[in-house]
Amino acid sequence: MTRKRSTPWIHRWSRPITAGIATVGAIVTAYLTYTKFTGNEAACPTKGCDIVLSSPYATVFGLPLALFGFLAYASMVVFAIAPLVIKGNRELRSKLENWTGLLLFLGGTAMMVFSGYLMYLLAFEIKAVCTYCIASALFSAMLFILALVGRDWQDIGQLFFTGILVSIIVLIGTLGVYANIKNPDIANRSVPGEAGLPITNISGAAEIALAAHLKQVGAKMYGAYWCPHCHEQKQLFGKEAFSQIGYIECDPKGKNPQPNLCQTAKVQSYPTWVINGQSVAGTQSLEKLAQMSGYTGARNFKNSASGGS
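Note that the coordinates shown come from a computational prediction; the quantities given were computed from them, not determined experimentally.

**Some thoughts on the side chain of serine 136**
- Note that serine 136 resides in helix 5 (residues 131–149).
- Here tyrosine 73 takes part through its side chain, which lies 2.8 Å from a polar atom of the side chain of serine 136.
- What serine 136 contacts, discounting residues up to four positions off in sequence, is Tyr73 and Ser115.

Put into structure tokens, the structure is as follows:
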């Protein structure tokens, strides 16, 4: 009589563990999505998180990159638990295990490759330490490993071929998405030596008063003429008010460029505000700029509905 082989513990627990890790990842990316949409500062031990969230790499197709991360993690949760909720129907459960097992592997592969590229950007392009980004990369790697070792694969060679193919597709797609980051649409539509797209919003009395106060306290805004978030910041003030802002152009191709000042201020993303010795990156609401600068005048900002980014 042959003894039935026991199921390895990793095969029994890989799906619950995967669901748990993906749930944590979904919570983290949901928080970052909320932070990006509201323009709030991220609860982070370093300023790197806000630097990353305010960088052009944090937006894809006009939406926060974190939103796509949330959808990816949520999908992994569904793939992991789908067969576990099937009771009694062994045939259906077996089919779900096979299909979702492959989807977990493909999803884990895609997420790991994409996270790896983001780690490259973090180290060599953005040059900031973002704990959430690093944690997400670790989660992605763990999901890939769990998908790989969490079940018996009939054809490991075919599996690795599929994984390599998915990795190539993801890498090419990622490079395509980020190909124009340094020369985004605003840069293409603006003329070198100019300030970028024109400011179309009209300033209210409160915007003008705040701008005058920021000028008085020596506040500086560092940006680039092609930067979409910089243009959003300008639109919040309106044309008349922003003309009073101490704006420093960091791109040598922009109007009246002063890249040396940007380097001295260690500007890592655009826009960056320096107010009363305090530095903050990203598009800021006028309410927050008022609070940072000690502005005590009227705060009925007519353009405040545009919010931060």
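So much for the structure itself; the text now carries on.
**What to know about the pairing of strand 5 (residues 272–275)**
- Strand direction decides the pairing type here: strand 3 (residues 220–223) and strand 5, joined by 3 bridges, are antiparallel. Within strand 5, the position partnered with lysine 220 by the bridge is valine 274.
- Of the strand pairs in this sheet, strand 5 and strand 6 (residues 278–281) are connected by 4 bridges, and their pairing is antiparallel. Its bridge partner being in strand 6, isoleucine 275 is matched across the sheet by glutamine 278.
- Counting the residues in the hairpin turn of strand 5 and strand 6 gives 2 residues, including asparagine 276, whose phi is positive at 50°.

**Comments concerning the packing of helix 4 (residues 90–126) against helix 6 (residues 156–177)**
- Interhelical geometry of helix 4 versus helix 6 gives an angle of 40° and a closest axis separation of 9 Å. Compared by their axis directions, helix 4 and helix 6 come out oblique. For helix 4 against helix 6, the interelement crossing comes out right-handed. Across the interface between the two elements, Leu102, Phe105, Leu106, Thr109, Ala110, Val113, Phe114 and Tyr117 from helix 4 touch Leu159, Thr162, Gly163, Val166, Ser167, Val170, Leu171, Thr174 and Leu175 from helix 6.
- Tallied by class, residues from the contact of helix 4 with helix 6 come to 12 nonpolar, 5 polar and no charged.

**Quick word on the pattern of salt bridges**
- On inspection of all chains with the given rule, the structure shows 3 salt bridges.
- Of the charged contacts in the structure, one is a salt bridge between glutamate 97 and arginine 93, with a shortest N-O distance of 3.4 Å. One end of the pair is glutamate 97 and the other is arginine 93, both in helix 4 and 4 residues apart, which spans about a single turn.
- A relative accessible area of 27% places arginine 93 in the partly exposed class.

**Some remarks on a nonpolar patch on the surface**
- A cluster of nonpolar residues, Phe37, Phe61, Leu63, Phe68, Phe70, Leu71 and Val177, forms a patch on the protein surface that exposes about 650 Å² of accessible area.
- By residue number, the principal contributor to the nonpolar patch is helix 3 (residues 65–81), which donates 3 residues.
- Checked against the element boundaries, phenylalanine 37 lands in helix 1 (residues 9–38).

**Concerning the sheet that holds strand 6**
- Strands sit in the order 4-3-5-6 across an open sheet of 4 strands; the sheet is mixed. The sheet is open, and its two borders are formed by strand 4 (246–249) and strand 6, each paired with just one other strand. Adjacent strand axes in the sheet meet at a mean angle of 20°, parallel and antiparallel pairs treated alike.
- Across the face of the sheet, helix 9 (residues 228–237) comes into contact with strand 3, strand 4 and strand 5 while running at roughly 145° to strand 3.
- Relative to strand 5, helix 12 (residues 286–293) is tilted by about 30°, and along the sheet it contacts strand 5 and strand 6.

**Observations regarding the environment of leucine 236**
- Relative to the elements of secondary structure, leucine 236 occurs in helix 9.
- Through-space distance from the C-alpha of leucine 236 to that of glutamate 207 is 8.3 Å; in sequence the pair is 29 residues apart.

**Observations concerning helix 5**
- Between its first and last C-alpha atoms helix 5 spans 27 Å; for 19 residues at 1.5 Å apiece the expected length is 27 Å, and the two agree.
- Residues Tyr132, Cys133, Ser136, Ala137, Phe139, Ser140, Leu143, Phe144, Leu146 and Ala147 constitute the buried set of helix 5.
- The inward-facing, buried residues of helix 5 contact helix 1, helix 2 (48–53), helix 3 and helix 4.

**So, the environment of alanine 290**
- By the element assignment, alanine 290 lies in helix 12.
- When the C-alpha atoms of alanine 290 and histidine 213 are compared, they prove to be 8.7 Å apart, with 77 residues separating the residues in sequence.
- Among all residues touching alanine 290, those that are not within four sequence positions of it are Leu210, Tyr295, Arg299 and Phe301.

**Side note on unusual backbone geometry**
- The residue after tyrosine 270, namely proline 271, is reached through a cis peptide bond having omega -10°.
- One non-glycine residue, asparagine 256, adopts positive backbone phi at about 50°.
- Locating asparagine 256 in the fold gives a position in the loop between strand 4 and helix 11 (259–264).
- Residue class for asparagine 256 comes out exposed when judged on its relative accessible area of 61%.
- Positioned with a positive phi, lysine 266 is a non-glycine residue whose angle comes to about 55°.

About the criteria used
- Residue numbers run consecutively from 1 along every chain, following the written order of its sequence.
- Thresholds applied to this predicted model are a pLDDT of at least 70 for local features of residues and 80 or more for the giving and counting of side-chain atom pairs; totals over whole chains, interfaces and linings are not thresholded and use all residues.
- For the side-chain quantities, the full set of heavy atoms in the structure was used; hydrogens and water were omitted.
- Helix numbers and strand numbers start at the N terminus; a helix is a DSSP run of H or I with at least 4 residues, a strand a run of E with at least 2.
- Polar contact is defined as a pair of N or O atoms within 3.5 Å, subject to the rule that within protein one atom must be able to donate a hydrogen and the other to accept it, and that residues adjacent in sequence are counted only when both atoms are side-chain atoms.
- Whether two residues are in contact is decided by their heavy atoms, any of which lying within 4.5 Å being enough.
- One requirement defines pairing of two strands: DSSP has to find at least two bridges between them.
- Axis definition: a line fit to C-alpha positions, over the contact stretch in the case of helices; interaxial angles, taken between N-to-C directions, run 0 to 180 degrees.
- For classification, angles of less than 35 degrees are called roughly parallel, those exceeding 145 degrees roughly antiparallel, those between 65 and 115 degrees roughly perpendicular, and all remaining angles oblique.
- Note on convention: near helix rotated counterclockwise from far helix by under a right angle means a left-handed crossing. Clockwise means right-handed.
- For this classification, Asp, Glu, Lys and Arg are treated as charged, while Ala, Val, Leu, Ile, Met, Phe, Trp, Tyr, Cys and Pro are nonpolar and the rest, including Gly, are polar.
- Any Lys or Arg side-chain nitrogen found within 4 Å of a carboxyl oxygen on Asp or Glu counts as a salt bridge.
- Each residue gets one of three labels from its accessible area relative to the maximum for its type: buried under 20%, exposed over 50%, partly exposed in between, using a 1.4 Å probe on protein chains only.
- A patch consists of residues exposed above 30% relative accessible area that lack any salt bridge, with like charges linked at up to 9 Å and nonpolar side chains (Val, Leu, Ile, Met, Phe, Trp, Tyr) linked at up to 5 Å.
- Residue-level accessible areas treat just the shown protein chains as cover; the underlying method is Shrake-Rupley with a 1.4 Å probe.
- The span one expects for a helix is its residue count, reduced by one, times 1.5 Å.

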